[in-house]
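Examination of the molecular architecture
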Amino acid sequence: MRHARRNVQRFARFAAIGGLVCGGLMVSHAMASETSDEPTAPGAVTRAADTGRGLVSELGTTRTAGTWIAEDGRPVVAVTDEEAAADVRRAGARAKMVDHNMRDLRSAKDTFSDAPRVAGTSWSMDYKSNQVVVRADSTVSADEWSRMTKLAESIGKSVRMERIEGTFTPRLNGAAAMFAGSGRCSAGFNVTDGKSNFILTAGHCGPTGTTWFSDQQGREQVGTTVAGEFPGSDFSLVEYDSGTALSGAGVVDVGNGQGVRITGAGDPAVGQKVFRSGSTTGLQSGEVTGLDTTVNYPQGTVSGLIETTVCAEPGDSGGPMFADGRALGVTSGGSGDCDSGGTTFFQPITKALDTLGVQLATDPQSDAKDTPSAGDDGNGAAAPPAGSSAASGGTGPGETVPGGGQTDTASSPFDKVAEYRSLGPGLFVIAGSLVALVAIRIRSERGRRAYRQQYSQSWG
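Residues numbered from 1 in each chain as written. Predicted model: local features only at pLDDT ≥ 70, side-chain atom pairs only at ≥ 80, totals over all residues. Heavy atoms only, no water.

Remarks on the overall build of the protein chain
- Within the protein chain, the regular secondary structure consists of 8 helices and 26 strands.
- Expressed as a percentage of the 460 residues in the protein chain, the buried residues total 46%.
- If you sum the accessible surface of the protein chain, you get close to 21,500 Å²; carbon and sulfur atoms cover 51% of it. (Helix = DSSP H or I, 4+ residues; strand = E, 2+ residues; numbered from the N terminus. Buried < 20%, exposed > 50% of the residue type's maximum accessible area, 1.4 Å probe, protein only. Areas by Shrake-Rupley, 256 points an atom, 1.4 Å probe, with all protein chains shown as cover.)

Dropping the structure here:
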């Protein structure tokens, strides 16, 4: 009987150990499917973009012609020779052979920049097609279009001409609304120079000296524009009135009382999905289609912009563009609307920060759990309370983005684990197996004690 019980215990022990192994495999598979098998997880696109940019920088402008993010989230680099293609593949990226290198594309773009200015036109480098794409809106006359077409033909196949509907205009007026005599604009991001606090927004919103209010009646003053650039670039600084508390400084309002915490600044990649928030149309998303874009607005020419498929309308100007918790730019202008779609251009935030000598502001109340007001401003976006950060909406870390997944700012490793719902079955099997092993151990120890007692008694 004792040997039979021992065999049963041995079998149970092996079964429990097997349960631990199976549970561990289930957890490993779940984590793999949630991370490495999902290239578009938060942060993966940023890493892919950095990989592509690093390869372009290393190989040089005569052997490459830009980089972009493929639909599966992997970086692609345009190359002009097989040796460069091999280097790209060894780095884990994809290579695409093209006819024109980066110097060719820049030369074509510079040719249009040096030509007489035509309002209502734009040009950007389309890395995917290996061309400079020149677009003209409905305000460009037939004669002007003919002249630009002849210029394109003289350059060659590295240029593609397109006519578009609508007009290229700055989106004057904007995530939380700011009001001035010149109209309404949108706050972008909170920034600081270490001494004073500012709102970074679009430069076309108003010249230096413009006074901004958080209400149309002009009762609640926010601050005054103290620096900016437009045309040429499109950014400006609005200095907060003294005593303004930057509540929610690192949070971008996305409407309905929700927000996304911004943890840093960066540059986007072609093909990357991005988000924009504005006081007219709220949260919108799209894809980056071009970099270093030049747009000829009626008010002047702006260069170095980010071209996207994100829609925008008057009232969204100056609003923040972001992805993966990174600030990427502020809304400049574009064509179309959010019913029919269109093109929107953004001022890169990295250039604005460098030029103005400021950095993204951190939130002095980041440890608090307070949620700012979710009152509606009548335009579909959450309006800030009077005297609070006009660029901020409201939430703590880890707030979800509607339609955009969750921010990658979980506050602890346990928060990260909680994101993997598929870990549950594996963890349950592991827990059950551990309980079984403990029970077997206790039962076995009791059996040994009983046997030793019986043995000592029989031998006196």
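Additional details are given in the paragraphs that follow.
Quick look at the packing of aromatic side chains
- Counted under the stated rule, the structure contains 4 aromatic pairs.
- Summarising the aromatic geometry, the rings of phenylalanine 112 and tryptophan 123 are spaced 5.7 Å apart at their centres and angled 40 degrees between planes, so their arrangement reads as tilted. Within this pair, whereas phenylalanine 112 is found in helix α4 (residues 102-114), its partner tryptophan 123 is found in strand β4 (residues 121-126), the two being separated by 11 residues in sequence. Of the two residues examined, phenylalanine 112 and tryptophan 123, each falls in the buried class.
- A centroid spacing of 6.5 Å and a plane angle of 35 degrees characterise the contact between phenylalanine 230 and tyrosine 297, whose relative ring orientation is tilted. Taken together, the residues span a long stretch of sequence, with phenylalanine 230 in the loop between β13 (221-229) and β14 (235-240) and tyrosine 297 in strand β19 (residues 282-297) at a distance of 67 residues.
- Phenylalanine 230 sits in the partly exposed class, given a relative accessible area of 25%.
- Since its relative accessible area comes to 0%, tyrosine 297 is described here as buried.
- Against the face of tryptophan 145 rests arginine 163, its NZ or CZ located 5.1 Å from the ring centre. (Phe/Tyr/Trp six-rings, centres within 6.5 Å; stacked < 30°, edge-to-face > 60°. Lys NZ or Arg CZ within 6 Å of the ring centre and 35° of its normal.)

Focus on unusual backbone geometry
- Cis geometry is found at the peptide bond from phenylalanine 230 to proline 231, where omega equals -5 degrees.
- Assignment of secondary structure puts proline 231 in the loop between β13 and β14.
- For aspartate 292, which is not a glycine, the phi torsion comes out positive at approximately 55 degrees.
- Along the polypeptide, aspartate 292 turns up in strand β19.

Things to note about the sheet that holds strand β1 (residues 64-69)
- Pairing within the open sheet is mixed, and its 3 strands lie in the order β1-β2-β3. Looking at strand neighbours, the two that pair on one side only are β1 and β3 (94-97), the edges of this open sheet. The mean inter-strand angle of the sheet, taken between neighbouring strand axes irrespective of direction, is 25 degrees.
- Pairing analysis gives 4 bridges linking strand β2 (residues 75-79) to β3, with the strands arranged parallel. The residue bridging valine 76 from the neighbouring strand is arginine 94, located in β3.
- Lying on the sheet, helix α3 (residues 82-90) is in contact with β2 and β3; it crosses β3 at an angle near 160 degrees. (Pairing = 2+ DSSP bridges. Axes fitted to C-alpha atoms, helices over the stretch in contact; angles between N-to-C directions. Contact = heavy atoms within 4.5 Å.)

Considering the state of the cysteines
- Overall, the coordinates contain 2 disulfides when judged by the stated rule.
- A sulfur-sulfur separation of 1.7 Å characterises the disulfide bridge that pairs cysteine 185 with cysteine 205. Taking the torsion about the sulfur-sulfur bond, which here is approximately -65 degrees, the covalent link between cysteine 185 and cysteine 205 counts as left-handed. On the criterion of sequence distance, the pair formed by cysteine 185 in strand β9 (residues 183-186) and cysteine 205 in the loop between β11 (197-201) and β12 (211-213) is long-range, its members being 20 residues apart.
- You can call cysteine 185 buried: its relative accessible area is 0%.
- Of the residues examined, cysteine 205 reaches a relative accessible area of 1% and is grouped as buried.
- Here cysteine 311 connects covalently by a disulfide to cysteine 338, the sulfurs 2.0 Å from one another. Sign of the S-S torsion, about 95 degrees for the bond between cysteine 311 and cysteine 338, identifies this disulfide as right-handed. (Disulfide = S-S within 2.5 Å.)

Structural notes on the nonpolar core
- Within the largest apolar cluster, 32 residues are counted, with the highest numbers of intra-cluster contacts made by Phe112, Tyr127, Val132, Val134 and Val274.
- The leading source of residues in this core is α4, at 4 residues.
- When sequence neighbours within four positions are dropped, the list of residues in contact with tyrosine 127 reads Ala65, Gly66, Thr67, Trp68, Met102, Val270 and Leu291.
- In this structure, Phe189, Phe198, Leu237 and Val252 belong to the second largest nonpolar core, which totals 21 residues. (Core = buried A, V, L, I, M, F, W, Y, C linked by side-chain atoms within 4.5 Å.)

Considerations on helix α2 (residues 44-59)
- With 16 residues, α2 ought to run about 22 Å at 1.5 Å a step, and its terminal C-alpha atoms sit 23 Å apart, in line with that.
- Along α2, the positions that sit buried rather than exposed are Ala44, Val45, Thr46, Ala48, Ala49, Gly52, Leu55, Val56 and Leu59.
- Check the buried side of α2 and you find it contacts β1, β2, α3 and β22 (326-337).
- Downstream of α2 by a residue or two, glycine 60 has a phi angle that is positive, lying close to 95 degrees. (Expected span 1.5 Å × (residues − 1).)

Details of α4
- Across its 13 residues, α4 extends 18 Å between first and last C-alpha, which sits within 8% of the 18 Å expected from 1.5 Å per residue.
- Of the residues making up α4, those classed as buried are Met102, Leu105, Ala108, Lys109 and Phe112. Seen along its axis, α4 keeps its buried residues to an arc of 130 degrees; they face one direction. For α4, the exposed residues lying more than 90 degrees away from the buried face are Arg103 and Asp114. (Arc of directions from axis to C-beta.)

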